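Observations on the model geometry
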Amino acid sequence: MPRSVWLIVLLITAINFFNIIDFMIVMPMGPDYALAFSAPMENVPFVGASYILAASLTAFFSARFLDRFERRRLLAGVLLGLSISEALATLSWSFEALLGFRALAGVFGGLATSLGMAVLAEVVPGHYRGRAMGFVGSAFALSSIIGVPLGLYLALWGGWRAPFWTLAAIMLVMSVLALRFLPKTPPIPAQPWPGTLKFISRPKTLMAYGLLASVSGGSFLLIPSFATFMQFNLDFPRERMSEVYFVAGLATLIAQQLAGWSADKWSLTATSWIGFGLISISLIGGFIFDPPLISLWIFFPLFMVSGAVRISAANTASSLVPEAHERSAHMALQTSLRHACSGTAGVVSAFVLTTGAEGHLQNVGWLALITLAVALLQPILMQKLEPQLSRSS
């Protein structure tokens, strides 16, 4: 890719990195919030669910309007709103108040993701799209390697409010950088909007969204409860949890780049089947049986790696579906669907799981079996969609 394009990809990656940290940090800190506000441990998944459900609704209802505005300024404004919502979260006086402020952060966070991905799809040629998506997707891995461990250390040092104050400052800086360095993208001339339902009902769009629903929904059946599972089911020390996230993030970072290269050079379908194989090993070896068949240091990184491989393939396929004048709308609806599936999965997780003696989570094995079934849908859908995609998009 040209150097100018790489710089834009790098900035979008940085924005995604901090946006993901904002969402991811609440997962391992769930027990901290429950203890701080005397909330039941089984309610921890609602902290993540409030964010992603708000992000989903906002992205859905804003989709038809986003392509009418200059994306650079809009993205900068959204990041400013996200900064303010982070600061407000530090004022939470109860568990319910925290849920409300996290929902407000979700309103801005979902839009930031949609706009960033729309800019990326516009400036990166189709035959480089897999590598670009893989690089931007590495923000997820980097958040595990650097962001989440650093956030956990900040919380141990300055309490649960410290990560939110830090993110508030960072999002303000990201807003300025977006305004200064992203290319000006004039709004695309207005074209008749076919209607959201008609747009979604196109066969290729339906399959693309199905890919993302399978990855996000399936993964988030388990992700919100990882920290609780490690701490109370496996008796893993809370102070060492950041080490596990570091190892998983490092493995994911490598896998993300390989998946992007594979998506460009070989086949999106083959990449999807590899991802399914990896999550199968992780779920069978680490979650379905009690005690686990393999070490936490193996099955947790495998789970995260499988998600990186599958989402890289799904994002690449999805970016090739819309027309130029539909990109922001498509990405917003994609974000809405992904968050809706993740949020719904978090709620389902909260209802399926129960808390036993001393915080021990029960029914984890059943939840893992559901996750495996949902994950199988992705490579099957990819096999049908890939032959219909053009890399010239």
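This text gives an overview of the structure that appears in the document. Predicted model only: the values in this text are computed from it and were never measured.

Take the overall build of the protein chain next. A count of helices and strands for the protein chain gives 15 helices and 2 strands. Taken over C-alpha atoms, the radius of gyration comes to 20 Å for the protein chain, in line with the 21 Å a tight globule of 393 residues would show. Along the first, second and third principal axes, the C-alpha set of the protein chain runs to 60 × 45 × 40 Å. Taken across its 393 residues, the protein chain has 60% of its residues classed as buried. Sequence-distant contacts in the protein chain: of pairs separated by 6 or more residues, those separated by 24 or more amount to 84%. As displayed, the protein chain offers around 15200 Å² of accessible surface, 70% of which is attributable to carbon and sulfur atoms. Once the 23 positive and 17 negative side-chain charges of the protein chain are each reduced to a mean point, those two points are 15 Å apart.

Now for the pattern of salt bridges. Per the stated rule, a full pass over the model turns up 3 salt bridges. Glu86 serves as the salt-bridge partner of Arg102, at 3.7 Å between the closest nitrogen and oxygen. On the criterion of sequence distance, the pair formed by Arg102 in helix 5 (residues 95–123) and Glu86 in helix 4 (residues 71–89) is long-range, its members being 16 residues apart. No difference in accessibility class separates Arg102 from Glu86, as the two residues are buried. One salt bridge connects Glu243 with Arg240, and the closest N-O pair in it is separated by 3.0 Å. One continuous salt-bridge network, built from bridges that share partners, spans Asp22, Glu86 and Arg102.

Taken together, the side chains of Phe246, Val247, Leu250, Ile254, Leu258 and Trp297 define a hydrophobic patch exposed on the protein surface, amounting to about 530 Å² of accessible area. Looking at the nonpolar patch element by element, the count peaks at 5 residues for helix 11 (residues 241–265). Topologically, Trp297 is positioned in helix 13 (residues 296–319).

One finds Phe226, Met230, Phe287, Phe300 and Phe303 to be the most contacted residues of the largest nonpolar core, which totals 76 residues. In terms of residues, this core owes the most to one element, helix 1 (residues 3–24), which gives 11 residues. Excluding its chain neighbours within four sequence positions, the residues that come into contact with Phe287 are Leu222, Phe226, Phe229, Ser282, Phe299, Phe303, Val364, Gly365 and Ala368. Listed in part, the 16 residues of the second largest apolar core include Ala208, Val215, Leu268 and Met382.

Moving on, we get to the packing of helix 12 (residues 268–286) against helix 15 (residues 364–385). Where helix 12 contacts helix 15, the axes come no closer than 8 Å and their chain directions differ by 170°. In terms of axis orientation, helix 12 runs roughly antiparallel to helix 15. Each of Leu268, Thr269, Ser272, Trp273, Phe276, Ile279, Ser280 and Leu283 in helix 12 lies in contact with helix 15, whose residues at this interface are Ala368, Thr371, Leu372, Ala375, Leu376, Gln378, Pro379, Ile380, Met382 and Gln383. The residue makeup of the contact of helix 12 with helix 15, split by class, is 12 nonpolar, 6 polar and no charged.

The next point concerns the environment of Gln257. Examined against the element boundaries, Gln257 turns out to sit in helix 11. It is 26 Å that separates the C-alpha atoms of Gln257 and Leu167, two residues lying 90 residues apart in sequence.

Here we come to unusual backbone geometry. Going from Asp290 to Pro291, the amide bond is cis rather than trans, its omega being 5°. When you line up the elements, Pro291 lands in the loop between helix 12 and helix 13. A positive phi angle is found at Asp235, which is not glycine, with a value near 55°. Its location among the elements puts Asp235 in the loop between helix 10 (226–233) and helix 11. One non-glycine residue, Asn363, lies in positive phi territory at about 75°. Of the residues examined, Asn363 reaches a relative accessible area of 33% and is grouped as partly exposed.

By the definition in use, this model includes 15 aromatic pairs. Note that Arg180 overlies the ring of Phe181, its terminal NZ or CZ placed 4.9 Å from the centroid.

With that out of the way, let us pick up helix 7 (residues 162–181). For helix 7, which comprises 20 residues, the first-to-last C-alpha distance of 29 Å matches the rise-based estimate of 28 Å (1.5 Å per residue) to within 8%. Considered for burial, the residues of helix 7 that qualify are Ala162, Pro163, Phe164, Leu167, Ala168, Met171, Met174, Ser175 and Ala178.

Next up on the list: the environment of Ala39. Examined against the element boundaries, Ala39 turns out to sit in the loop between helix 2 (30–36) and helix 3 (45–66). Since its relative accessible area comes to 16%, Ala39 is described here as buried. Ala39 sits 223 residues away from Ser262 along the chain, and the two C-alpha atoms are 45 Å apart. Not counting residues up to four positions away in its chain, the partners in contact with Ala39 are Ala34 and Phe95.

Here helix 14 (residues 327–352) spans 37 Å end to end across 26 residues, near enough to the 38 Å set by a 1.5 Å rise per residue. Within helix 14, 19 of the 26 residues are buried, leaving the element largely enclosed by the surrounding structure.

Our next topic: the packing of helix 10 against helix 13. It is at 13 Å that the axes of helix 10 and helix 13 come closest, and there the two elements cross at 175°. The angle between the axes of helix 10 and helix 13 places the two elements in the roughly antiparallel class. Each of Phe226, Phe229 and Met230 in helix 10 lies in contact with helix 13, whose residues at this interface are Leu296, Phe299, Phe300, Phe303 and Met304.

Assessed through its relative accessible area of 1%, Arg102 is described here as buried. With near-sequence residues (within four places) excluded, Arg102 lies in contact with Asp22, Phe23, Val26, Val47, Ser50, Tyr51, Glu86 and Phe164.

Reading the values: the criteria
Residues numbered from 1 in each chain as written. Predicted model: local features only at pLDDT ≥ 70, side-chain atom pairs only at ≥ 80, totals over all residues. Heavy atoms only, no water. Helix = DSSP H or I, 4+ residues; strand = E, 2+ residues; numbered from the N terminus. Rg over C-alpha atoms; globule rule 2.2 N^0.38 Å. Buried < 20%, exposed > 50% of the residue type's maximum accessible area, 1.4 Å probe, protein only. Contact = heavy atoms within 4.5 Å. Areas by Shrake-Rupley, 256 points an atom, 1.4 Å probe, with all protein chains shown as cover. Lys, Arg positive; Asp, Glu negative; His and termini not counted. Charge placed at Lys NZ, Arg CZ, Asp CG, Glu CD. Salt bridge = Lys/Arg side-chain N within 4 Å of Asp/Glu carboxyl O. Patch = residues over 30% accessible without salt bridge, like charges linked within 9 Å, V, L, I, M, F, W, Y side chains within 5 Å. Core = buried A, V, L, I, M, F, W, Y, C linked by side-chain atoms within 4.5 Å. Axes fitted to C-alpha atoms, helices over the stretch in contact; angles between N-to-C directions. Parallel < 35°, antiparallel > 145°, perpendicular 65-115°, else oblique. Nonpolar A, V, L, I, M, F, W, Y, C, P; charged D, E, K, R; others polar. Phe/Tyr/Trp six-rings, centres within 6.5 Å; stacked < 30°, edge-to-face > 60°. Lys NZ or Arg CZ within 6 Å of the ring centre and 35° of its normal. Expected span 1.5 Å × (residues − 1).

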